[in-house]
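Examination of the molecular architecture
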Amino acid sequence: MTDARAIIARIRYGQGLTPDDARWFARGLADGAVEDAQAGAFAMAVLLRGIGADGRVALTQAMRDSGRVLTWDVPGPVVDKHSTGGVGDTVSLILAPALAACGAYVPMISGRGLGHTGGTLDKMEAIPGYRALVDRAMLDDVVQQAGCAIVGATGDIAPADRRLYGIRDICGAVESVDLITASILSKKLTAGLDVLVLDVKCGSGAFMPDLESARELARALVETANGAGCRTMALITDMNSPLARSAGNAVEVQAAIDVMTKPDTPHRELRNLTCALGGEALALADLAADAEQGAEKILAALKSGHAAERFAKMVHCLGGPVDLIEQPRKYLPQYGEECRREPPIGSGRQVSAIDTRALGELVVQMGGGRLRSDDKIDHAVGLIHLARIGDRVADGDAVGRVAAHTEAEAARAFARLRSAYTLSADPVPSQPLILDRITA
Ligand code: URA
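None of these values were measured; they are calculated from a predicted model.

1. Examining the overall build of the protein chain
A tally of helices and strands in the protein chain yields 17 helices and 13 strands. Here the protein chain has a C-alpha radius of gyration of 22 Å; the compact-globule value for 440 residues is 22 Å, and the two agree. If one aligns the C-alpha atoms of the protein chain with their principal axes, the spans along those axes are about 70 × 45 × 40 Å. A total of 440 residues make up the protein chain; the buried ones form 57% of that total. Counting only contacts in the protein chain whose residues sit at least 6 apart along the sequence, the fraction spanning at least 24 positions is 78%. Only carbon and sulfur atoms are counted for the fraction: they give 50% of the accessible area of the protein chain, which is about 17700 Å².

Structural data, given as C-alpha cells:
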C-alpha cells in the first residue's frame, strides 16, 4: 500500500519514480487525495534529487492521463509544435495551417502569455469573434474541416499538472528540468499526437538564456516525449532578436498574415523558422522524405496561398470574419498614426545587441500582456518594424515603432524601446537562426 510520504521518501533517497508511484501521485493531485504540503514536498524532492529519464516519462504519462486525452479518427497524422516562448514568436499561427495544407491534422492546444513572452491564444483573440475555448465536438468539427484548430485547454486537460504547477510556483520549485519537461509534455500530449516538434528558444528573450541550458531542456523534452510514444525532435533557435519584426497581439496576427500572403514579407526569419520546423514535422510524420523536402513543401503551401486558405477556414469556423485574410486592417484592432512614433537615432550603425526580454516586458506594460492573471489585454498595442541584430540603422531611421494607447504612452514606450537596443560602429557578425537540432 503506497502513500504520498512513501513516494516522496523514495525520491528523497534518489530511487526515482516508478510508473505506479507516478500514477498514484498524479491521481491524488487531480482528486485532492494529495495535500498541498505533500505536493510541495514532492516537487522539492524532484528538484533536489531528480527522477531520471524513466521517472520523467512516468510522471509525464501519469499527469497526461489525469484528465481527458483526445483520440482522433482522421485520415492523416496528428501533428503539433510547441515553443518554450519568446518575443515576436508567432510561428504557430502560420505553421498550423501550413501543416494542414500539407496533409497533417493539427489540434493545437495553446496557452496564454507567460511573463514577458506572448501567448498564441491571446494573439488569436485579437481577431474579433474568434472563440478559442470550444468543446470537444466543435474542436473535432474544425479539425475535420480546416485541418487545424488553435484553441485553449479546457478544465479537464491534465488537472494534475494544473495543481502541481501552481504549487511549484509558490514553493520555489519551478526550475527543475524534470518538472518543466513533465509539465509541458503532459499538457501537449493530451491532444493525442503522433508527432511533435519543439522550438526551444535560447537568448536574451528566452527563458533559457544560454545554449547549454537550452540543450539540456531540449534533450529532456525529446527523450521524454519519445519515451511516452510521440515521435518528437527539437530545434534550438535564436531569441537574441525578436523573431517577427512585430511584438504584440494584433500586430503579430498581421505579421502571420503577411507571411501567408506576401512573398516579399519583411518577416523573413519568421517565415524561415516556420519552414524549418514544419519541414521537420512533415519528415517525422512521413509526409516528406526528409526535413529539407518538408521545408520546401511548407514554403510551397505559403506561396500557393493554401496555408492562408486553411487559416481563413479555421478563423471562420471559430467565429471570426470570413474575409480576415483579404482585409486584416478592417478587423484587427489598431491605434491611429498619432500614437505611432519613431525614436530618431540618426547613426548609420548596426544593431549589435538587443535586450529582447525588455521588449516583451514593454509590450506587457503597455497592456498587451498581463501583470495579474485577471488583467484584460489591449490587443491593439505593440511594437512594429523592429530591427534585429545585424540590421543597419541608417541616419534618421528607427530601431522600431510603437503602437500605443495614447500619445503620452507612446512617448514613454519609445524611450524604453530605444534603450533595449545597442548599436555599434564595428561590423556585427550575422547570427544563425537555428543553433542546434536534437533528435531521439
Ligand atoms: N511551461 C509549462 O507548461 N510548465 C512549466 O513548468 C514551464 C513552462
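2. As for the sheet that holds strand 10 (residues 392–393)
Reading across the sheet, the three strands line up as 10-8-12 and stay open at both edges, with antiparallel pairing between neighbours. With one partner strand each, in any of the chains shown, strand 10 and strand 12 (421–424) form the two edges of the open sheet. Relative to strand 12, strand 8 (residues 349–354) runs antiparallel, the two being bridged by four bridges. Its bridge partner being in strand 12, Gln350 is matched across the sheet by Ser424.

3. Focus: the nonpolar core
Core analysis: the biggest nonpolar cluster contains 125 residues, and Phe311, Met314, Leu383 and Tyr421 have the highest contact counts within it. By residue number, the principal contributor to this core is helix 5 (residues 91–101), which donates eight residues. If near-sequence neighbours (up to four positions away) are discounted, Phe311 is found in contact with Leu93, Pro97, Met124, Ile127, Ile257, Met260, Leu324 and Ile325.

4. Focus: the pairing of strand 4 (residues 195–202)
The side chains of a regular strand alternate, residue by residue, between the two faces of the sheet. Counting buried positions along strand 4 yields eight of eight residues, so the element is predominantly enclosed. Residue alternation in strand 4 divides its side chains into two sets, Val195, Val197, Asp199 and Lys201 and Leu196, Leu198, Val200 and Cys202, and both sets are buried. Each parallel crossover has a hand, and for strand 4 linked through helix 10 (residues 211–227) to strand 5 (residues 231–238) it is right-handed.

How each quantity is defined
Residues numbered from 1 in each chain as written. Predicted model: local features only at pLDDT ≥ 70, side-chain atom pairs only at ≥ 80, totals over all residues. Heavy atoms only, no water. Helix = DSSP H or I, 4+ residues; strand = E, 2+ residues; numbered from the N terminus. Rg over C-alpha atoms; globule rule 2.2 N^0.38 Å. Buried < 20%, exposed > 50% of the residue type's maximum accessible area, 1.4 Å probe, protein only. Contact = heavy atoms within 4.5 Å. Areas by Shrake-Rupley, 256 points an atom, 1.4 Å probe, with all protein chains shown as cover. Pairing = 2+ DSSP bridges. Core = buried A, V, L, I, M, F, W, Y, C linked by side-chain atoms within 4.5 Å. Right-handed = clockwise from strand over helix to strand, strands pointing away.

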